[in-house]
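What follows is each chain in one-letter form.
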Amino acid sequence: MDLVLFAVLVVLTGIAAGLVGSLTGLGGAVVVIPVLVIAFAVPFPYAVGTGFLTILATSSTTGAAYIRDHLSDLRIGMFLEIATVPGALLGATFTVFLVHANLSNALLIALGAILLAIVPGTYARRHVELPTGVVPDARSKRLALAGEYHDLALERDVRYEAGRTRPALGVMFGAGVTSGMFGIGAGVFKVLALERYLGLPMKVSTATSNFMMGVTAAAGAGILLSAGYVNPIIGAPAALGTAAGAYIGSKVLPGLRNQTVRWLFLPVMIALALEIILRGLGLA
Amino acid sequence: MTASSAQGTTGSVPLRPLPVEAYRRMSVVLRTGLLVSLVILLAGLIAYLVEHGLEPFGTAVSTNPILNYLSLDGLASGLAHGAVEAYLTLGLLVLVATPILRVASGWYYFQRGRERSMAGITLTVLVLLLVGILVLGPLVR
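How each quantity is defined
- Residues numbered from 1 in each chain as written.
- Chains lettered and ligands numbered in written order.
- Predicted model: local features only at pLDDT ≥ 70, side-chain atom pairs only at ≥ 80, totals over all residues.
- Helix = DSSP H or I, 4+ residues; strand = E, 2+ residues; numbered from the N terminus.
- Rg over C-alpha atoms; globule rule 2.2 N^0.38 Å.
- Buried ≥ 20, exposed ≤ 12 C-beta atoms within 10 Å, placed from the backbone.
- Contact = placed C-beta atoms within 7 Å.
- Nonpolar A, V, L, I, M, F, W, Y, C, P; charged D, E, K, R; others polar.
- Pairing = 2+ DSSP bridges.
- Expected span 1.5 Å × (residues − 1).
- Bend = angle between axes of the 7 residues up to and from the residue.
- Core = buried A, V, L, I, M, F, W, Y, C linked by C-beta atoms within 7 Å.
- Axes fitted to C-alpha atoms, helices over the stretch in contact; angles between N-to-C directions.
- Parallel < 35°, antiparallel > 145°, perpendicular 65-115°, else oblique.
- Left-handed = near helix turned anticlockwise from the far one by under 90°.
- pLDDT = per-residue confidence, 0-100.

S.K.: Go over the overall build of chain B, please, and point to the residues and values.
M.R.: Assigned secondary structure in chain B consists of five helices and zero strands. In chain B, the order of α-helices and β-strands from amino to carboxyl end is α-α-α-α-α. Since a compact globule built from 141 residues should have a radius of gyration of about 14 Å, the 21 Å found for chain B marks it as more spread out than a globular shape. Seen through its C-alpha atoms, chain B measures out along the principal axes to roughly 65 × 30 × 30 Å. Here chain B holds 141 residues, and the buried ones make up 40% of them. Restricting the contact set of chain B to residue pairs at least 6 apart, pairs at least 24 apart contribute 54%.

S.K.: How would you summarise the interface of chain A and chain B if you had to cite specific residues and measurements?
M.R.: Taken together, the contact pairs 75 residues of chain A with 71 residues of chain B. Mapped by element, the contributors of at least two residues to the side of chain A that touches chain B are α1 (3-24), α3 (44-68), α4 (74-100), α6 (138-142), β1 (146-151), β2 (156-161), α9 (202-226) and α10 (232-252) of chain A. For the side of chain A that touches chain B, the element with the highest residue contribution is α4(A), accounting for 12 residues. Across the side of chain A that touches chain B, the residue classes break down as 48 nonpolar, 16 polar and 11 charged.

S.K.: Give me the lowdown on the pairing of β2(A), citing residues and values where you can.
M.R.: All names here are of chain A. Of the pairings in the sheet, the one linking β1 to β2 comprises six bridges and is antiparallel in character. The partner of glutamate 148 across the bridge, within β2, is arginine 159. Linking β1 back to β2 in an antiparallel pair, the connection comprises four residues, with glutamate 155 at a positive phi of about 55°.

S.K.: Break down α9(A) for me, citing the residues and quoting the values.
M.R.: Side chains three or four residues apart in an α-helix point the same way, a direct result of the helix having 3.6 residues per turn. All names here are of chain A. Compared with an ideal rise of 1.5 Å per residue, which puts 25 residues at 36 Å, α9 spans 36 Å between its outermost C-alpha atoms and is within 8% of the ideal. The principal kink in α9, of about 25°, is found at methionine 213. Most of α9 is tucked away: 24 of the 25 residues are buried. Just past α9, the residue glycine 228 takes up positive phi, approximately 90°.

S.K.: For the nonpolar core, give the residues involved together with the corresponding values.
M.R.: Ranked by internal contacts, the top residues of the largest apolar core, which has 145 residues, are A:Leu56, A:Ala193, A:Ala221, A:Leu224 and A:Ala239. Residues contacting A:Leu56, with those up to four places away along its chain left out, are A:Gly214, A:Ala217, A:Ala218, A:Ala221, B:Leu95 and B:Val96.

S.K.: Could you give an account of unusual backbone geometry, naming the residues involved and the relevant values?
M.R.: One non-glycine residue, A:Glu155, adopts positive backbone phi at about 55°. Looking at the secondary structure, you find A:Glu155 in the loop between β1 and β2. Taking the number of C-beta atoms within 10 Å as the measure of exposure, A:Glu155 has 7 and is therefore exposed. Its identity as a non-glycine residue notwithstanding, B:Arg114 has a phi of 55°, on the positive side. Mapped onto the secondary structure, B:Arg114 falls in the loop between α4 (84-112) and α5 (116-140). For B:Arg114, a count of 7 C-beta atoms within 10 Å gives the class exposed.

S.K.: Lay out the packing of helix α8 (residues 187-197) of chain A against α9(A) in plain terms, naming residues and giving numbers.
M.R.: Residue and element names in this part refer to chain A. One can describe the packing of α8 onto α9 by two numbers: an axis separation of 9 Å at closest approach and a directional angle of 130°. Overall, the two elements α8 and α9 adopt an arrangement that is oblique. Like other packed secondary-structure pairs, α8 and α9 cross with a definite hand, here right-handed. Here Gly187, Lys190, Val191, Leu194 and Glu195 of α8 lie close against α9, whose contacting residues are Met202, Ser205, Thr206, Thr208, Ser209, Met212 and Met213. Split by residue class, the contact of α8 with α9 holds five nonpolar, five polar and two charged.

S.K.: Quick one: what's the story with the confidence of the model for chain B, residue by residue and with numbers?
M.R.: Residues and elements named next belong to chain B. For chain B, per-residue confidence averages 89 on the pLDDT scale, and residues scoring 70 or more make up 94% of the total. Per-element confidence in chain B ranges from a low mean pLDDT of 79 for helix α2 (residues 57-62) to a high of 96 for α4. Scored below 50 in pLDDT, residues 1-6 shows 15 contacts in the model against residues more than four places distant or in partner chains. Under the prediction, the complex receives an ipTM of 0.91, its pTM being 0.93.

S.K.: Which residues make up α4(A), and what are the values?
M.R.: All names here are of chain A. For α4, which comprises 27 residues, the first-to-last C-alpha distance of 37 Å matches the rise-based estimate of 39 Å (1.5 Å per residue) to within 8%. Taken as a whole, α4 carries its principal kink of about 40° at glutamate 81. Of the residues trailing α4, asparagine 102 is marked for its positive phi of about 60°.

S.K.: Please provide a residue-by-residue account of the packing of α4(A) against α5(B), values included.
M.R.: Interhelical geometry of α4(A) versus α5(B) gives an angle of 10° and a closest axis separation of 9 Å. Viewed along their axes, α4(A) and α5(B) adopt a mutual orientation that is roughly parallel. Two packed elements cross with a definite hand, and for α4(A) against α5(B) that hand is left-handed. Only B:Met118, B:Ile121, B:Thr122, B:Thr124, B:Val125, B:Leu128, B:Leu129, B:Gly132, B:Leu136 and B:Val140 of α5(B) make contact with α4(A), whose side of the interface consists of A:Arg75, A:Met78, A:Phe79, A:Glu81, A:Ile82, A:Val85, A:Pro86, A:Leu89, A:Thr93, A:Val96 and A:Phe97. The class makeup of the residues in the contact of α4(A) with α5(B) is 15 nonpolar, four polar and two charged.

So, in C-alpha cells, the structure goes:
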C-alpha cells in the first residue's frame, strides 16, 4: 500500500470514528486507536499519539459550543484540571518508559481491558438529571464551586453546588493517568467524578468533562510529541477525518443519538477490544 | 438570569460566575486554534503526499518524519527553508497549544477578578503543562 492510499483510508477511519464517537458519546479515539493497530499495524505509541490528536480535533469543536451555551462549568473544570493534568503527564511518561522497555504488548492488553470496561460503562451510566442532597465541602465553599444554567428541557434555571471535592480529585487524577497512558479521553471516569462525587447535573457534567478533555489530551500529546511519538503522517489524516466526522455527527445526525444506535456498536467495540488483547498476547 | 434554586441546593456556596466575555473569549480561542491547525495540517499533508505519496506506507509510519524539527532551532530553520515536515510540526504544535492557551485565558480572568485561589490553581496547571511538555517530554525521548 502506498502513502496516498494509506492517508485516504485513515481519513475515512477518522470520519467513521468521529461519527460513531459523537453518536455514542464514546469519543473518536477509542475507535481510531484499535483500528490503527489492528488494520494498519501502526506501532502502539504512534497509535496513542494519534488518539490524542483526534481528541484535540473534536473536543475543541464541541467544547466551544458547550462553552458558548454556558453549559460547561469553567470554574469547576479548571479546578479539576489540577488533578487531570499531572495524571496525564505521568501516564504519558509511563507509556514512553514501557515502550522503551519493549512492553508495548502489555500496554495493548491493558488497553483492551480498559476498553472492555469503558464501553459498557459509558452506556450504562446512570443518568441523574438533577442530583439532590449534595452537601458542599469546605473547599467547594472556599472556591465558590457552584453555578447555574438554563435547562431548555425543564424550562427553568437550575442552580447547583459541588459536593465532595477530595474523592472527585482522586478519580480525576486516575482519569488523567488513563487518558495519558492510552490516548483516550477517559470521559466515563471524568463524568463519574462530576456526577457521583460532585453531584453536578447531567448536562453540566457532560459539558464540563468535554471542556476538560482538550487540556488532558494536550498534556499527553505534548509528552508524546516531544518524545517523538506523534507522527503527522498518521495523525494529520486521523485528526482531519475525526473533526469532519464529529462535525457531520453534530449537524446532521443529532436525532440518531439514542440507546439503539449505541447498543448496535457494542459488539463492534467488544470485538475491537478482544482483538487488541489477542495482539498483545501475540495470538493474532 | 433569575436564580430559582434547584431542589437540594444548600445555598451555602456563593455564585461567582466568570464574566460573559471569558466564555466568549475561550470559545473563540478553541475554534480559531483548531481551524488554524487543521488548515496547516491539511496543506502540509497534501504537500507531503505530493512528494512522497508513492512510497510504501510502512516506512513513514514507523519512522517519524518530523524528528529533526522538534527542537526550536530545527523547527525555525525548517520553516525558513520551506520543509514540509516543519510545517506539519507547526500544525501539531498549534493543535496542542490551543487548549493550553485556553488555560492561560482562564488564569487571566481569575486574576482580573481578584480570585487569588482560583488564579493560583490555573497558574499551577499552566506551569505543569509547560514544564511537563518542554522539560519532561524531551527528557524521556
